[in-house]
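Listed below are the residues making up each chain.
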Amino acid sequence: MVLSIVAIRLQRKRQSMIFLGCTMLLGAVFLVNKFFEWKAKFHHGLYPGSEHLMARPPGERLFFGLYFGMTDSMVCT
């Protein structure tokens, strides 16, 4: 995205569009990757508030809480 903005400032519209397209493509790849990761976690009962996760040691609950919190913020922004 930054490269696209720099290209616009340098009046290189075509290059800017290529960088913008790459940004959108990589964003879509990220979302597909998160879908499969989260699907596997939910399948194993590892999601916020689940009984299976609450039965785990505090360190693992903290890890998964941070994992879901950080990846959810990235997906929602």
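In the block above lies the structure referred to throughout.
Quick look at the structure, then. Please read these numbers as outputs of a predicted model, since none were measured by experiment.

Now for the overall build of the protein chain. Within the protein chain one finds 4 helices and 0 strands. Going from the N terminus to the C terminus, the protein chain shows its helices and strands as α-α-α-α. Expected size for 77 residues packed as a compact globule is a radius of gyration near 11 Å; at 18 Å, the protein chain overshoots this value by more than 25%. Seen through its principal axes, the protein chain has C-alpha atoms that stretch 55 × 20 × 15 Å.

Should their charged atoms come close, side chains of opposite charge can pair. Within this structure, the stated rule accounts for 2 salt bridges. As a salt-bridge pair, Glu37 and Lys34 come within 2.6 Å of each other at their nearest N and O atoms. Here the residue Glu37 and the residue Lys34 both occupy positions in helix α2 (residues 13-43), the gap between them amounting to 3 residues, near one helical turn. When its relative accessible area of 26% is taken as the criterion, Glu37 is described as partly exposed. Judged by relative accessible area, which is 10%, Lys34 ranks as buried.

Membership of the largest hydrophobic core is limited to 5 residues, which are Leu46, Leu53, Phe64, Tyr67 and Phe68. In terms of residues, this core owes the most to one element, helix α4 (residues 58-76), which gives 3 residues. Beyond its immediate chain neighbours, meaning those up to four positions away, Leu53 contacts Gly45, Leu46, Tyr47, Pro48, Glu60, Arg61 and Phe64.

Before going further, it helps to examine the packing of helix α1 (residues 2-9) against α2. Where α1 contacts α2, the two axes come as close as 8 Å, and the packing angle between them is 170 degrees. Here α1 is positioned roughly antiparallel relative to α2, judged by the angle of their axes. On the side of α1, the interface is formed by Leu3, Ser4, Ala7 and Ile8, while α2 contributes Gln15, Ser16, Phe19 and Leu20.

What follows covers the environment of Leu46. Considering the arrangement of structural elements, one finds Leu46 in the loop between α2 and α3 (51-54). Separated by 22 residues in the primary sequence, Leu46 and Phe68 place their C-alpha atoms 9.9 Å from one another. When neighbours within four sequence positions are excluded, Leu46 is seen to be in contact with Lys41, His52, Leu53, Arg56, Phe64 and Phe68.

For the rest of this paragraph, the subject is the packing of aromatic side chains. Counted by the stated rule, this structure contains 8 aromatic pairs. For the ring pair Phe35 and Phe36, a centre distance of 5.1 Å and an interplane angle of 75 degrees mean the geometry is edge-to-face. Aromatic side chains Phe63 and Tyr67 sit 6.4 Å apart centroid to centroid with 15 degrees between the ring planes, which places their arrangement in the stacked category. Of the two residues, Phe63 and Tyr67 are both situated in helix α4; the distance of 4 residues between them amounts to about one turn of the helix. Residue classification places Tyr67 among the buried positions, given a relative accessible area of 14%.

The rules behind these values
- Residues numbered from 1 in each chain as written.
- Predicted model: local features only at pLDDT ≥ 70, side-chain atom pairs only at ≥ 80, totals over all residues.
- Heavy atoms only, no water.
- Helix = DSSP H or I, 4+ residues; strand = E, 2+ residues; numbered from the N terminus.
- Rg over C-alpha atoms; globule rule 2.2 N^0.38 Å.
- Salt bridge = Lys/Arg side-chain N within 4 Å of Asp/Glu carboxyl O.
- Buried < 20%, exposed > 50% of the residue type's maximum accessible area, 1.4 Å probe, protein only.
- Core = buried A, V, L, I, M, F, W, Y, C linked by side-chain atoms within 4.5 Å.
- Contact = heavy atoms within 4.5 Å.
- Axes fitted to C-alpha atoms, helices over the stretch in contact; angles between N-to-C directions.
- Parallel < 35°, antiparallel > 145°, perpendicular 65-115°, else oblique.
- Phe/Tyr/Trp six-rings, centres within 6.5 Å; stacked < 30°, edge-to-face > 60°.

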